[in-house]
Amino acid sequence: MYMLKQNDIRPPLKVYSLDELLELKIPKRQYLLSPWLQSQGLCMIYSSRGYGKTWIALEIAYIVASGGNFLSWEAEYPAGVLYIDGEMALIELQERASQIDIRENKELKAPLKFLTRDAQEGNFPNLSTIEGQEQIESLINDEIKLVILDNNSTLFRSGKEDESDSWLPIQNWLLSLRSLGKSVLLIHHAGKSGKQRGTSRREDVLDTVITMKRPTGYKAQDGACIEFYFEKNRVLYGDDVKPFEARLESNTNDDGIETFKWICNSLEDSTFDTVCGLSNEGLENWEISQELEIHKSTVSRYVNRGKEEGIIKPLNS
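Source: prediction; values computed, not measured. (Residues numbered from 1 in each chain as written. Predicted model: local features only at pLDDT ≥ 70, side-chain atom pairs only at ≥ 80, totals over all residues. Heavy atoms only, no water.)

### Some remarks on the environment of glutamate 107
One can find glutamate 107 in the loop between helix H3 (90-104) and strand S7 (112-116). Distance in space between the C-alpha atoms of glutamate 107 and tyrosine 62 is 9.9 Å, their sequence separation being 45 residues. (Helix = DSSP H or I, 4+ residues; strand = E, 2+ residues; numbered from the N terminus.)

Listed below in structure tokens is the structure:
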């Protein structure tokens, strides 16, 4: 039988009756970034390398701390953010943050703090360990509402990625942060299969999982163009979970200064525009179907619609 040590005094477990549970006055969860990142939310964004995960995570950190809109999401109430980066060079982090700040040109209404490996004189915390987790907790004050962890493989450095038991201590820590009223956004890599790398147990306690992909037929010259898919959504439904495409477009103003803006379209609208463009280039329906890897009936439907709306021009015009 397990015997409690003299100094191992644990508080009694709290149990509610049904009536007590129903009578609890629990504050409603607010959205740090509507419609998917709630207060006390545990979320993940993942993709293959080079798709812009860190750019997106930095944009989210900035907009949560300043308030406003990013992509099709809104931060109505500014909240403090602690951004923990385990990979980027400090100069690269500075350059990216500067570009976002210049483009958005907002006044931060809540703290936005960065912890980065390059700035440390000693060892960087290993968040798989209790010691590393306690180091991070010492940085999370009442003002910090969102912790962004970029990325799993560089911050959680003990255990094996594909072993579910190795994730349990981390999962317990994430749940403890949630109980303290904090939200956590995990940034993670996709594996060769295209799914998040390692054990699927990571997703068990998460409210939302978003994956980023490239459009079919994407070319490097297309620039920043990303498709967003909601793979797990505990409280979302309907239009909120429809996939969409985000494209970073540049414009030059009258003073010759180049500015950038994210443009969002539903994935259906984006595919329709692409089909119309390829049809106007003279491609047959079957060729478009192969190029975009979509069903021929979908191509036919979009082509007919394009002709009806006058977007697709007759070949002899």
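### Overview of the packing of helix H2 (residues 53-66) against H3
In contact at an axis separation of 10 Å, H2 and H3 are set at 50 degrees when each is read in the N-to-C sense. Taken together, H2 and H3 sit at an angle that is classed as oblique. Where H2 crosses over H3, the two elements pack in a sense that is right-handed. Contacts from Thr54, Trp55, Leu58, Glu59, Tyr62 and Ile63 in H2 reach Leu93, Arg96, Gln99, Ile100, Asp101, Arg103 and Glu104 in H3. Residue composition of the contact of H2 with H3, grouped by class: 6 nonpolar, 2 polar and 5 charged. (Axes fitted to C-alpha atoms, helices over the stretch in contact; angles between N-to-C directions. Parallel < 35°, antiparallel > 145°, perpendicular 65-115°, else oblique. Left-handed = near helix turned anticlockwise from the far one by under 90°. Contact = heavy atoms within 4.5 Å. Nonpolar A, V, L, I, M, F, W, Y, C, P; charged D, E, K, R; others polar.)

### Considering the state of the cysteines
A full pass over the atoms with the stated rule returns 0 disulfides. Counting only cysteine sulfurs, cysteine 264 is the nearest neighbor of cysteine 43, a cysteine outside any disulfide, at a range of 18 Å. Judged by relative accessible area, cysteine 43 falls into the buried class, the value being 0%. Left unpaired, cysteine 225 is separated from the closest cysteine sulfur, that of cysteine 264, by 10 Å. (Disulfide = S-S within 2.5 Å. Buried < 20%, exposed > 50% of the residue type's maximum accessible area, 1.4 Å probe, protein only.)

### Quick word on unusual backbone geometry
Following serine 34, the chain continues into proline 35 via a peptide bond in cis, with omega recorded as 10 degrees. Relative to the helices and strands, proline 35 resides in the loop between strand S1 (31-33) and strand S2 (37-38). A cis amide bond links aspartate 150 to the next residue, asparagine 151, at an omega of 5 degrees. Tracing the sequence through the fold places asparagine 151 in the loop between strand S8 (144-150) and helix H5 (152-155).

### A look at the side chain of serine 279
By the element assignment, serine 279 lies in helix H7 (residues 267-280). Residue contacts for serine 279: discarding those within four places in its chain leaves Ile288, Val303, Ile312 and Leu315.

### Some details on the nonpolar core
Trp36, Ile60, Trp73, Ile148 and Phe228 are the most contacted members of the largest nonpolar core, which totals 39 residues. Broken down by element, the residue count for this core peaks at 9 residues, all from H2. Core analysis: the next-biggest nonpolar cluster, separate from the first, contains 26 residues, Leu115, Phe124, Leu127 and Val147 among them. (Core = buried A, V, L, I, M, F, W, Y, C linked by side-chain atoms within 4.5 Å.)

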